[in-house]
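# Fold and geometry: a report
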Amino acid sequence: MRHDPTARALVIAMPEVFPWGRHLTSDEVRSFTLELVEALSDAAELDVDATTQEVIAGWRATARIKADPGHYAQAREATSGDFAPAAL
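A few points on the structure. Values in this document were obtained by computation on a predicted structure and should not be read as measured data. (Residues numbered from 1 in each chain as written. Predicted model: local features only at pLDDT ≥ 70, side-chain atom pairs only at ≥ 80, totals over all residues. Heavy atoms only, no water.)

When helices and strands are tallied, the protein chain shows four helices and zero strands. In the protein chain, the succession of helices and strands from N to C terminus is α-α-α-α. Taking 2.2 N^0.38 as the reference for a compact globule, 88 residues should give roughly 12 Å; the C-alpha atoms of the protein chain span a radius of gyration of 16 Å, well beyond that estimate. Dimensions of the protein chain along its principal axes, counting C-alpha atoms only, are 45 × 30 × 20 Å. (Helix = DSSP H or I, 4+ residues; strand = E, 2+ residues; numbered from the N terminus. Rg over C-alpha atoms; globule rule 2.2 N^0.38 Å.)

So this is what it looks like as structure tokens:
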């Protein structure tokens, strides 16, 4: 995928398949495409499809926050303080 000349066509098609992709930058669409292809490969080769759903959900959430300039600006603000340990 990283060196496949047909990968460009796939990257171009992504916003048609995932309309919310229009809120991502070109670099983000390329990253999303690569991650999705890798997850689909794992699903096919290893029978692990949860990763595919996680990749799509994560990038969709990124697009959702970037679609609203106010929320995106707020999300990019620096935070401070102790937010306690993360639950594992």
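This is not the end of the story, as more comes after the structure.
Packing of helix α2 (residues 26-46) against helix α3 (residues 50-67) leaves a shortest axis separation of 8 Å and a crossing angle of 160°. The angle between α2 and α3 falls in the class roughly antiparallel. In this structure, α2 meets α3 at a crossing whose hand is left-handed. Within the contact between the two elements, α2 uses Glu 28, Ser 31, Phe 32, Glu 35, Leu 36, Ala 39, Leu 40 and Ala 43 and α3 uses Thr 51, Thr 52, Val 55, Ile 56, Trp 59 and Lys 66. Among the residues making up the contact of α2 with α3, the classes are represented as eight nonpolar, three polar and three charged. (Axes fitted to C-alpha atoms, helices over the stretch in contact; angles between N-to-C directions. Parallel < 35°, antiparallel > 145°, perpendicular 65-115°, else oblique. Left-handed = near helix turned anticlockwise from the far one by under 90°. Contact = heavy atoms within 4.5 Å. Nonpolar A, V, L, I, M, F, W, Y, C, P; charged D, E, K, R; others polar.)

Throughout the structure, instances matching the rule amount to two salt bridges. The salt bridge partner of Arg 30 is Asp 27, with a shortest N-O separation of 2.2 Å. In this pair, Arg 30 and Asp 27 both sit in helix α2, three residues apart, roughly one turn of the helix. Overall, the relative accessible area of 42% leaves Arg 30 in the partly exposed class. Between Lys 66 and Glu 28 there is a salt bridge, and its shortest N-O distance comes to 2.7 Å. Residue Lys 66 is found in helix α3, and its partner Glu 28 is found in helix α2; the two are separated by 38 residues along the sequence. (Salt bridge = Lys/Arg side-chain N within 4 Å of Asp/Glu carboxyl O. Buried < 20%, exposed > 50% of the residue type's maximum accessible area, 1.4 Å probe, protein only.)

Let us now look at the side chain of Glu 28. For Glu 28, a relative accessible area of 19% translates into the label buried. Separated by 2.7 Å, the side chains of Glu 28 and Lys 66 make a polar contact. In this view, Glu 28 contacts Trp 59 and Lys 66; residues no more than four positions away in its chain are not counted. (Polar contact = N/O pair within 3.5 Å; in protein donor to acceptor, adjacent residues only side chain to side chain.)

With the rule as written, the count across this model stands at four aromatic pairs. Ring geometry for Trp 20 against Phe 32: centres 5.4 Å apart, planes inclined by 40°, an arrangement best described as tilted. With Trp 20 in the loop between α1 (7-17) and α2 and Phe 32 in helix α2, the pair connects residues that are twelve residues apart, well separated along the chain. Comparing Trp 20 with Phe 32 shows no difference in burial state: the two are buried. Residues Phe 32 and Trp 59 carry aromatic rings whose centres are separated by 6.1 Å and whose planes lie at 40° to one another, so their mutual orientation is tilted. Linking Phe 32 in helix α2 with Trp 59 in helix α3, this pair joins segments that are 27 residues apart in sequence. The exposure class assigned to Phe 32 is buried, which follows from its relative accessible area of 2%. For Trp 59, a relative accessible area of 13% translates into the label buried. Among the aromatic residues, those joined into a cluster by ring pairs are Phe 18, Trp 20, Phe 32 and Trp 59. (Phe/Tyr/Trp six-rings, centres within 6.5 Å; stacked < 30°, edge-to-face > 60°.)

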